Amino acid sequence: MVRALEVQVLTRENIKPLYPTPHHLRNFKLSLMDQITFPIYVCTIFLYKADGSVKSYQISQRLKSSLSKTLTKFYPFAGRLKDDFSIVCNDQGAEYVEALANGFLSEYLQKPDQKLLRDFHPFKYAESSAAGIGDPMLRIQATFFKCGGLAIAVCTHHKLIDGSSVGTFVNSWTATARADCQSSSISNINKQVIPAFVAATFFPASESFVPLPFHNAPTEANRYVFDASKIDQLRAKVASASVPRPSRVEVLTALIWKCAKAASRSNLGYSRPSLSVHAMNVRAVAKPPLPENSVGNSVGYVTAQASGNEIETVQDLVLSLRKAKAEYSKKGLQTVLETKNLFHIPESLQDKFEKEEIDFYTFSSTVNFPFYELADFGWGKPVHVTISNYVISNLFVLMDTNDRKGIEVLVFLSPEDLALFERDQELLSFATVNPPVLDVSTSTGKNVSPVLRSTL
């Protein structure tokens, strides 16, 4: 059994904006999509190998100083959720924790098991991801390994912050950190990132919003990596007259969905209808479009339906996904604004959905989002980026591999379904199960400076 790396918390504090938030900005209005979305924290973890040129105490100072400056621009992130309609921007600050791990980064990189990182969060995230009224909008933990490696967990309140908003924030934070170290050799790819808080104008809040259903469930995780050549093979196999050029995300989503359905069917002993919902960034498709740097939930959920047919192929599911996306592009956003509901459940399945008599899966993708390029604080790009989850089942997250050529899929299923899913031969013909992130010889380095212990 994999055990979590032992972590010792050194400091816990609130980092406040460098400059106070003006009075006229202190009552931040949520959008309809903010109101509807899950009341949870989403945690993204960035892992860095040791950089002998930067001491751990310097890293600590740079992280906190640049975070304070960044929060001046991202002032709602330093506030607290007041109710279903607003955030009070009181400059209470982002929760910030520093810790030491009694282990080496290579232990994780050799076998990237989420259980190893259970204590790498600034709160007991593995027990509950719930984010409620009065909780910090942003919680961060910087964990130093014995080897000098570093893990930065960025936990964001989903009532305001979607995946694209996380990227915009990290983009700005790292640009500020690099400017602080005045390193001319570091790329200025994300210089002068200014957030646009405009979502409430596009998606006005409502008294009659329908919150997304959410509950914790027993969950096991595994990671599957698809290299570029295998993805190309799968795309060629799945291509059809209806969808001659399926995307990488489409074919992997369809394959994963098919294998998850098969596992559920084997455990239940019978087939049943299946729905998959796919988080879609709607900034570009909104009319008028939202700016790329807009911060706030701007995610639509494309709902695709599969039959209970046992012989349904990956090709069939790709077509179902393509049709669902086309339908959403036509009137999905308008439907959300009219119904105040992010999910569209087919009327024929509504009763079964409410009784939990269907297989319901959620897919999210950060493929092609430049997390690896943007998340450079001045000591190099992360060697791995992952999203942690311990309590939400039937969830699949697609992310780029660190060389940006392949795709890794984080799979979160019930223990019973995962036990069958991970033995699926069609899946294993294209995927490698949880391979090392990189050669462990590249992840070692000097021990954590004793100065960190003495100064914190």
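As a starting point, this report considers the structure included with it. From a predicted model like this one, the values you see are computed outputs, not experimental measurements.

**Structural notes on the sheet that holds strand β3 (residues 41–48)**
Reading across the sheet, the 6 strands line up as β1-β6-β7-β8-β3-β13 and stay open at both edges, with mixed pairing between neighbours. The strands lining the two open edges of the sheet, one partner per strand, are β1 (7–15) and β13 (384–388). Ignoring which end each strand starts from, the neighbouring axes of this sheet average 20 degrees apart. Bridge count between strand β6 (residues 94–101) and strand β7 (residues 138–144): 6 bridges; the pairing is parallel. Across the sheet, residue V97 finds its bridge partner in β7, namely Q141. Along the sheet, helix α4 (residues 163–181) contacts β3, β7 and β8 (150–157); its crossing angle with β8, the most-contacted strand, is approximately 135 degrees.

**Focus: the pairing of strand β12 (residues 359–365)**
Taken across its 7 residues, β12 has 5 buried, putting it largely inside the fold. Sheet topology note: the strand β10 (residues 274–281)/β12 ladder contains 5 bridges and is parallel. Looking across to β12, one finds that V277 is bridged to T362.

**Thoughts on the packing of helix α6 (residues 228–238) against helix α7 (residues 248–268)**
Relative to each other, α6 and α7 sit at 80 degrees, their axes nearing to 9 Å. With respect to α7, the axis of α6 lies roughly perpendicular. Facing α6, whose interface residues are I231, L234, R235 and V238, α7 presents R248, V251, L252 and L255. Split into classes, the residues belonging to the contact of α6 with α7 amount to 6 nonpolar, no polar and 2 charged.

**Quick word on the packing of aromatic side chains**
Counted under the stated rule, the structure contains 24 aromatic pairs. Consider the rings of F363 and F396, whose centres lie 4.7 Å apart with planes at 25 degrees: the pair is stacked. Separated by 33 residues along the polypeptide, F363 in strand β12 and F396 in strand β14 (residues 395–400) bring together distant segments of the chain. Grouping residues by exposure puts F363 and F396 together as buried. Linked through ring pairs, F28, Y48, F74, Y75, F77, F169, W173, F197, F377 and W379 together constitute an aromatic cluster. R139 extends its terminal NZ or CZ atom over the ring of F123, reaching a point 4.2 Å from the ring centre.

**Topic: the packing of helix α2 (residues 56–73) against α4**
Here α2 crosses α4 at 125 degrees, and the two axes come no closer than 9 Å. In terms of axis orientation, α2 runs oblique to α4. The interaxial crossing formed by α2 with α4 has right-handed handedness. Here R62, L63, S65, S66, L67, K69, T70 and K73 of α2 come into contact with α4, specifically with F169, S172, W173, T176, A177, D180 and C181.

So, how was this worked out
- Residues numbered from 1 in each chain as written.
- Predicted model: local features only at pLDDT ≥ 70, side-chain atom pairs only at ≥ 80, totals over all residues.
- Heavy atoms only, no water.
- Pairing = 2+ DSSP bridges.
- Helix = DSSP H or I, 4+ residues; strand = E, 2+ residues; numbered from the N terminus.
- Axes fitted to C-alpha atoms, helices over the stretch in contact; angles between N-to-C directions.
- Contact = heavy atoms within 4.5 Å.
- Buried < 20%, exposed > 50% of the residue type's maximum accessible area, 1.4 Å probe, protein only.
- Parallel < 35°, antiparallel > 145°, perpendicular 65-115°, else oblique.
- Nonpolar A, V, L, I, M, F, W, Y, C, P; charged D, E, K, R; others polar.
- Phe/Tyr/Trp six-rings, centres within 6.5 Å; stacked < 30°, edge-to-face > 60°.
- Lys NZ or Arg CZ within 6 Å of the ring centre and 35° of its normal.
- Left-handed = near helix turned anticlockwise from the far one by under 90°.

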